[in-house]
Amino acid sequence: MRHIISILIENEAGALSRVAGLFSARGYNIESLTVAPTEDATLSRMTLVTRGNEDIIEQITKQLNKLIDIVKLIDLAEAAHVERELMLVKVKTNDTTREEVKRLSDIFRGKIIDVTNGSYVIEMTGTSEKLDAFVQALDESSIIETARSGPTSMSRGEDGLHL
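Would you mind going over the pattern of salt bridges with me for this structure?
Any two side chains of opposite charge can pair, so long as their charged atoms come close to each other. Summed over the entire model, instances satisfying the criterion amount to 9 salt bridges. The salt bridge partner of R18 is D69, with a shortest N-O separation of 2.4 Å. Residue R18 is found in helix α1 (residues 15-26), and its partner D69 is found in the loop between α2 (54-66) and β4 (70-75); the two are separated by 51 residues along the sequence. One salt bridge in this structure joins K90 and E145, with 3.3 Å as the shortest N-O distance. Linking K90 in strand β5 (residues 81-92) with E145 in strand β8 (residues 143-148), this pair joins segments that are 55 residues apart in sequence. Connected via shared salt-bridge partners are E85, D132 and R148.

Okay, structure coming up:
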């Protein structure tokens, strides 16, 4: 099962490598990882996506909690949450395909952020499933490259990941 683990971590050199090292030492895979500073300059928020059964996820969270850099963590799979991912996709275009690609981008609520004679760069946010659906709707041979951030997420309601 897919789990999104949201972590408050001390904003110090080596903290990220200790988290990654914990995963690699135990043979667990990180599907995606995003890290950014929070409103508190001493802390960063890390959003980590991994897969595993309940026993594996419990082991991961216990091991993460033992790391000195970890201030607090929550497995968002256990709570109502909002999640979004950012994708940039560069698509080949020409006079005959330009309008079709623009229409498809509009349907998926994407935004064309760069235009050249032979390509569009489209920015899109949403769930991973929405972004996957957009890529599948495009002609595979028209995709030049894609860049995805991986999901970032937070719990819904009054509770949050804070001190």
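Got a minute to help me understand α1 in this structure?
In an α-helix, one full turn covers 3.6 residues, which means residues spaced three or four apart are oriented alike. The end-to-end C-alpha distance of α1, which contains 12 residues, comes to 17 Å, matching closely the 16 Å that a straight helix rising 1.5 Å per residue would cover. Along α1, the residues classified as buried are A15, V19, L22 and F23. Buried residues in α1, looked at end-on, bunch into an arc of 90 degrees, giving them a common side. Residues of α1 that are exposed and point over 90 degrees away from its buried face: S24 and A25. Buried residues along α1 sit against β1 (2-10), β3 (43-51), α2 and β4. G27 lies just past α1 and shows a positive phi near 75 degrees.

Would you explain the nonpolar core in this entry?
Burial of nonpolar side chains together is a common tendency in soluble globular proteins. Judged by nonpolar contacts, the single largest core of 15 residues is most densely connected at I7, I9, V19, F23, L64 and I70. Sort the elements by how many residues they give to this core and α1 lands first, with 4 residues. Apart from the residues lying within four places of it in its own chain, the contact partners of L64 are I5, I7, V19, L22, F23, I70 and L73.

I keep staring at helix α4 (residues 128-137) and nothing clicks. Help me out?
Among the residues of α4, those classed as buried are S128, L131 and F134. The buried residues of α4 occupy one face: seen down the axis, they fall within an arc of 125 degrees. Along α4, the residues that are exposed and aim more than 90 degrees away from the buried face are E129 and Q136. The secondary structure elements touched by the buried residues of α4 are β1, β5, α3 (98-107), β7 (119-126) and β8.

How should the environment of R148 be read in this particular structure?
Take R148: it is sitting in strand β8. Along the primary structure R148 and S128 are separated by 20 residues, whereas in three dimensions their C-alpha atoms are 9.4 Å apart. Non-local contacts of R148, meaning those with residues more than four positions away in its chain, are made with E85, L86, M87, S128, L131 and D132.

Looking at this model, I keep getting lost on the environment of K111. Mind explaining?
Within the fold, K111 resides in strand β6 (residues 111-115). For the pair K111 and E39, spaced 72 residues apart in sequence, the C-alpha separation works out to 28 Å.

Is there a simple way to think about the packing of aromatic side chains in this case?
For any pair of aromatic rings, the description rests on two quantities: the centre-to-centre distance and the angle between the ring planes. Counted under the stated rule, the structure contains 2 aromatic pairs. Seen from their ring centres, F108 and F134 are 5.3 Å apart, and the 70 degrees between their planes marks the pair as edge-to-face. Taken together, the residues span a long stretch of sequence, with F108 in the loop between α3 and β6 and F134 in helix α4 at a distance of 26 residues. Like F108, the residue F134 is buried in the burial classification.

Parameters and conventions
Residue numbers restart at each chain and count upward from 1, following the sequence in its written direction. Reporting of local features is limited, given that this is a predicted model, to residues whose pLDDT is at least 70; pairs of side-chain atoms are given and counted only at 80 or more, and all residues count toward the totals for whole chains, interfaces and linings. Hydrogens and water are ignored here; the side-chain numbers use all heavy atoms of the structure. When a carboxyl oxygen of Asp or Glu lies within 4 Å of a side-chain nitrogen of Lys or Arg, that pair is called a salt bridge. Segments assigned H or I by DSSP are reported as helices when at least four residues long, segments assigned E as strands when at least two residues long, and all are numbered from the N terminus. Residue count minus one, scaled by 1.5 Å, sets the expected span of a helix. We call a residue buried when its accessible area falls under 20% of the maximum for its residue type, exposed when it is over 50%, and partly exposed in between, using a 1.4 Å probe and counting protein chains only. Directions drawn from the helix axis to the C-beta atoms are what define this arc. Every residue pair with non-hydrogen atoms within 4.5 Å of one another is taken to be in contact. The set of buried Ala, Val, Leu, Ile, Met, Phe, Trp, Tyr and Cys residues whose side-chain atoms join them within 4.5 Å is what this entry labels a nonpolar core. Centres within 6.5 Å are what make two rings of Phe, Tyr or Trp a pair, Trp counting through its six-membered ring; a difference in plane orientation under 30 degrees is then read as stacked, over 60 as edge-to-face, and the rest as tilted.

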